[in-house]
Amino acid sequence: MSATEIAQAPALDVRNVSYFFGARCALDRVSIRVAAGSFTVLLGLNGAGKSTLFSLITRLYATRVGSIRIFGRDVAREPGAALGQLGVVFQSRALDVDLSVQQNLVYHAALHGIGGSRAIAQTALVLRQAGLADRTRDKVSNLSGGQTRRVEIARALLHRPRLLLLDEPTVGLDVKARADILNRVRALVTEQSVGVLWATHLIDEVAPSDNIIVLHQGRVMAHGSLADVLKATGKDAIRTAFASLTQMDGDDEAGAAS
């Protein structure tokens, strides 16, 4: 691809991806796009296939059917160029709680070929942006859940990716910590033009300006702006639209909103 084509390519382009665990279909011809510098919510109940899709994008699983491109680079054919543009925050915690915040980040920086004084400087920068400059030498075990998540986001930004994936990043956090994480990630979009794919089952994390992808039982049920999704479902709120698309009952809907 030319430099112009790469610059104009979407941050993430998933085309007709299917994935099976034995005979069970986890993803069925999934196609989604995330524009550069946009906030896209991947909304789905637990078991919808969100984590499987993330595993394929990050190459934890090999793509056998369909294609995945990050800024025009195919993750299967050009993994280095593709994944070098990607930062990831997985649902499961991935920091060493016995190390300091700085030690965790410097180690991760080394995995991206960032070492020495540059790693220290970049660590200081992302921690300052995360509002954690005063916790640099603290052990991760001494941080709150929300602070730990902010460290993980800072770690994902060390190599200055242009696309950030977050898989259920607010699970287990209180209302204030959830709001803080959301606000900080949304600021990355507006201030640094980072493309974001935010996977969640929590309907109240959707904002009117977001792009929305509804994933249910491995299939994309809706994809577009909030207005597009409401128009397609004939509903007047994302909560009722999501319930309609996923055929939730009252108990399921309450759980998705909590």
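A. Highlighting the packing of helix 8 (residues 226-233) against helix 9 (residues 238-246). Running from amino to carboxyl end, helix 8 crosses helix 9 at an angle of 55°, the nearest separation of the two axes being 10 Å. In terms of orientation, helix 8 lies oblique with respect to helix 9. For the element pair helix 8 and helix 9, the recorded crossing hand is left-handed. Residues Leu226, Val229, Leu230 and Thr233 of helix 8 lie in contact with helix 9, whose contacting residues are Ile238, Ala241 and Leu245.

B. How the structure looks around the side chain of Asp167. With respect to the helices and strands, the residue Asp167 is situated in strand 7 (residues 163-167). Lacking a salt bridge, the buried Asp167 has Lys50 as its closest oppositely charged neighbour, with an N-O distance of 5.9 Å. Within polar-contact distance, the side chain of Asp167 engages the side chain of Ser51 at 2.7 Å.

C. Local environment of unusual backbone geometry. Positioned with a positive phi, Phe71 is a non-glycine residue whose angle comes to about 45°. Within the fold, Phe71 resides in the loop between strand 4 (65-70) and strand 5 (73-74). The class of Phe71 is buried, set by a relative accessible area of 3%. Phi at Glu168 takes a positive value of approximately 50°, unusual for a residue other than glycine. Tracing the backbone through its elements, the reader meets Glu168 in the loop between strand 7 and helix 7 (175-192). Overall, the relative accessible area of 4% leaves Glu168 in the buried class.

D. Representation of the pattern of salt bridges within the structure. Using the criterion set out here, one finds 13 salt bridges in the structure. Of the charged contacts in the structure, one is a salt bridge between Arg149 and Glu152, with a shortest N-O distance of 2.4 Å. Residue Arg149 and its partner Glu152 are both found in helix 6 (residues 145-156); the two are separated by three residues, about one turn of the helix. In this structure, a network of salt bridges that share partners links the residues Asp13, Arg15 and Arg33.

E. How the structure looks around the layout of surface pockets. By volume, the largest pocket is sized at about 280 Å³. Among the elements of the structure, strand 6 (86-89) and helix 6 are those that each provide at least two residues to the lining of the largest pocket. Residue contributions to the lining of the largest pocket peak at three residues, all from strand 6. Residues belonging to the lining of the largest pocket are distributed by class as follows: seven nonpolar, five polar and one charged. Here the second largest pocket defines a volume of roughly 220 Å³. The wall of the second largest pocket is formed by 14 residues, among which Gln129, Ala130, Leu157, Arg184 and Leu188 lie closest to the centre. Contributing elements (two or more residues each) for the lining of the second largest pocket: helix 5 (116-129), helix 6 and helix 7. Considering each element in turn, the lining of the second largest pocket owes the most residues, seven residues, to helix 7. When the residues that make up the lining of the second largest pocket are grouped by side-chain class, the tally is nine nonpolar, two polar and three charged.

Thresholds applied
- Every chain begins its residue count from 1, and numbering advances along the sequence as written.
- The predicted nature of this model means local features are confined to residues of pLDDT at least 70 and side-chain atom pairs, given and counted, to a pLDDT of 80 or more, with totals for whole chains, interfaces and linings taken over all residues.
- To get the side-chain values, take all heavy atoms of the structure and skip hydrogens and water.
- Note on geometry: axes are C-alpha line fits, over the in-contact stretch for helices, and angles between N-to-C directions span 0 to 180 degrees.
- We count a stretch as a helix when DSSP gives it H or I for four or more residues in a row; a strand needs E for two or more, and each element gets its number in order from the N terminus.
- Each angle gets one of four labels, with under 35 degrees taken as roughly parallel, over 145 as roughly antiparallel, 65 to 115 as roughly perpendicular, and the rest as oblique.
- What makes a crossing left-handed is the near helix being turned counterclockwise from the far one by less than a right angle; a clockwise turn instead makes it right-handed.
- Contacts: residue pairs with any heavy atoms within 4.5 Å of one another.
- Only protein chains enter the area calculation, which uses a 1.4 Å probe; residues under 20% of their type maximum are buried, those over 50% are exposed, and those in between are partly exposed.
- Asp and Glu are treated as the negative residues and Lys and Arg as the positive ones, with His and the ends of the chain left uncounted.
- Every case where a carboxyl oxygen of Asp or Glu lies within 4 Å of a side-chain nitrogen of Lys or Arg is listed as a salt bridge.
- Identification of polar contacts relies on pairs of N or O atoms within 3.5 Å, with a donor-acceptor requirement for protein atoms, meaning one able to donate a hydrogen and the other able to accept it, and with residues adjacent in sequence counted only if both atoms are side-chain atoms.
- We place a 1 Å grid over just the protein atoms. Points where a 1.4 Å probe fits but has no way out form a cavity, open points with protein on both sides within 12 Å along at least 5 of 7 lines form a pocket, and any residue with an atom within 4 Å of a point lines it.
- Grid points are joined across faces, edges and corners, and a volume is the space filled by probe spheres set on the points.
- Three classes are used, and their members are as follows: Ala, Val, Leu, Ile, Met, Phe, Trp, Tyr, Cys and Pro are nonpolar, Asp, Glu, Lys and Arg are charged, and the others, Gly among them, are polar.

Any link to function would need more than the numbers given here.
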